[in-house]
Amino acid sequence: MDADFVAFVRRRGDHHLRTAVLLTGDWHAAEDLTQSCLGKLYRVWHRLDTTTDPDAYLRRIMVNTHRSWWRARWRREVPRADLPDLPGPHDLGEANAVAEDVRAALAGLPVRQRTALVLRFFADLPEAEVADLMGCSPGTVKTHTHRGLQAMRRLIPPATDVNRTEEEGSGIR
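Sequence order as written defines residue numbering, which begins from 1 separately in each chain. Note on the predicted model: pLDDT of at least 70 is required for a residue's local features to be given, and 80 or more for side-chain atom pairs to be given and counted; whole-chain, interface and lining totals, by contrast, use all residues. Side-chain measures here rest on the full set of heavy atoms in the structure, leaving out hydrogens and waters.

Asker: Looking at this structure, how should I read the environment of Ile 61?
Answerer: Helical segments are the DSSP runs of H or I of at least four residues, strand segments are the runs of E of at least two, and each set is numbered from the N terminus. Considering the arrangement of structural elements, one finds Ile 61 in helix 3 (residues 55–73). Note: C-alpha distance between Ile 61 and Leu 33 (28 residues apart in sequence) is 9.7 Å. Contacts are assigned to residue pairs with any non-hydrogen atoms lying within 4.5 Å of each other. Here Ile 61 is in contact with Cys 37, Lys 40 and Leu 41, once residues within four sequence places are set aside.

In structure tokens form, the structure reads like this:
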């Protein structure tokens, strides 16, 4: 190991660990973050100008690494103390059943209403863009969307939870 790197870690390691605790809010995650970032710093240590204090470089590594871990956490499982009784967002049986109900209801709509609903809510396009794609006025898109939603409410069984959020007890959106 490079003696300068070891001296830097001994001198500034605790400071960066405290910074990591503030970033993560968890002591164990902070230790992991600090260790990972020190490893990244060591790999480039020979290229750095170590006559100046490399704290800023390590802070940048810590912020970027924490950000990437935070983004990745959105795709990770979150442990919970109590298991929900309702199907979760990854319950494929329930999701497939609801998706099939929605597809069947969409298939039962007139073409213009189905097109307006798919472009507005699945493609998430604004009314003006949908109107341009459909070759009609924005008011016509609003009418098709309104009538299509009314028909969908009639066609989908009332017991099906299509628009409930996780806070309301369903992961299906």
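Asker: When you look at the packing of helix 5 (residues 111–122) against helix 7 (residues 138–155) in this model, what are you seeing that I'm missing?
Answerer: A pair of packed helices is characterised by two quantities: the angle between their axes and the separation of those axes. In contact at an axis separation of 8 Å, helix 5 and helix 7 are set at 95° when each is read in the N-to-C sense. Of the possible angle classes, the one that applies to helix 5 and helix 7 is roughly perpendicular. Of the residues in helix 7, those touching helix 5 at Arg 112, Gln 113, Ala 116, Leu 117, Arg 120 and Phe 121 are Val 141, His 144, Thr 145, Arg 147, Gly 148, Leu 149, Ala 151 and Met 152. Taken together, the residues of the contact of helix 5 with helix 7 sort by class into 7 nonpolar, 4 polar and 3 charged. Each axis is a line fitted through C-alpha atoms, and for a helix only the stretch in contact is used; angles between axes span 0 to 180 degrees, taken between their N-to-C directions. Here roughly perpendicular refers to angles of 65 to 115 degrees, roughly parallel to angles under 35, roughly antiparallel to angles over 145, and oblique to all remaining angles. All amino acids are sorted into three groups, where Ala, Val, Leu, Ile, Met, Phe, Trp, Tyr, Cys and Pro are nonpolar, Asp, Glu, Lys and Arg are charged, and the leftover types, Gly among them, are polar.

Asker: What exactly am I supposed to notice about helix 7 here?
Answerer: Its 18 residues give helix 7 an end-to-end C-alpha distance of 25 Å, which sits within 8% of 26 Å, the value for a rise of 1.5 Å per residue. Among the residues making up helix 7, those that are buried are Val 141, His 144, Thr 145, Gly 148, Ala 151 and Met 152. Relative to the axis of helix 7, the buried residues are bounded by an arc of 135° and lie together on one face. When the buried face of helix 7 is taken as reference, the exposed residues oriented beyond 90 degrees from it are Arg 153 and Arg 154. Each residue after the first adds 1.5 Å to the expected span of a helix. Under the scheme applied here, a residue whose accessible area is under 20% of the maximum for its type counts as buried, over 50% as exposed, and between as partly exposed, the area being computed with a 1.4 Å probe on protein chains only. The directions from the helix axis to the C-beta atoms are what the arc is built from.

Asker: Just checking my understanding: could you explain the packing of aromatic side chains for this structure?
Answerer: A ring pair, where both rings are aromatic, is described by two values, the distance of the centres and the angle of the planes. In this analysis, rings of Phe, Tyr and Trp, with Trp reduced to its six-membered ring, are considered paired at centre separations within 6.5 Å, and the interplanar angle assigns stacked below 30 degrees, edge-to-face beyond 60, and tilted for intermediate values. Taken as a whole and assessed by the stated rule, the structure comprises 3 aromatic pairs. Centre to centre, the rings of Phe 5 and Trp 45 are 5.2 Å apart; their planes meet at 75°, and the pair counts as edge-to-face. Placement of the pair is Phe 5 in helix 1 (residues 3–24) and Trp 45 in the loop between helix 2 (27–44) and helix 3, with a sequence separation of 40 residues. Residue Phe 5 is classed as buried on the basis of its relative accessible area, which comes to 5%.

Asker: What exactly am I supposed to notice about the pattern of salt bridges here?
Answerer: Side chains that differ in sign of charge can pair as their charged atoms come close. Salt bridges are counted wherever a side-chain nitrogen of Lys or Arg sits within 4 Å of a carboxyl oxygen of Asp or Glu. The final tally for this structure, using the stated rule, is 3 salt bridges. Across the pair Glu 127 and Lys 142 runs a salt bridge, and its minimum N-O distance is 3.9 Å. You can see Glu 127 sitting in helix 6 (residues 127–134) and its partner Lys 142 sitting in helix 7, a full 15 residues away along the chain. Looking at Glu 127, the relative accessible area reads 28%, which means it is partly exposed. What you see here is one network of salt bridges that share partners, running through Arg 120, Glu 127 and Lys 142.

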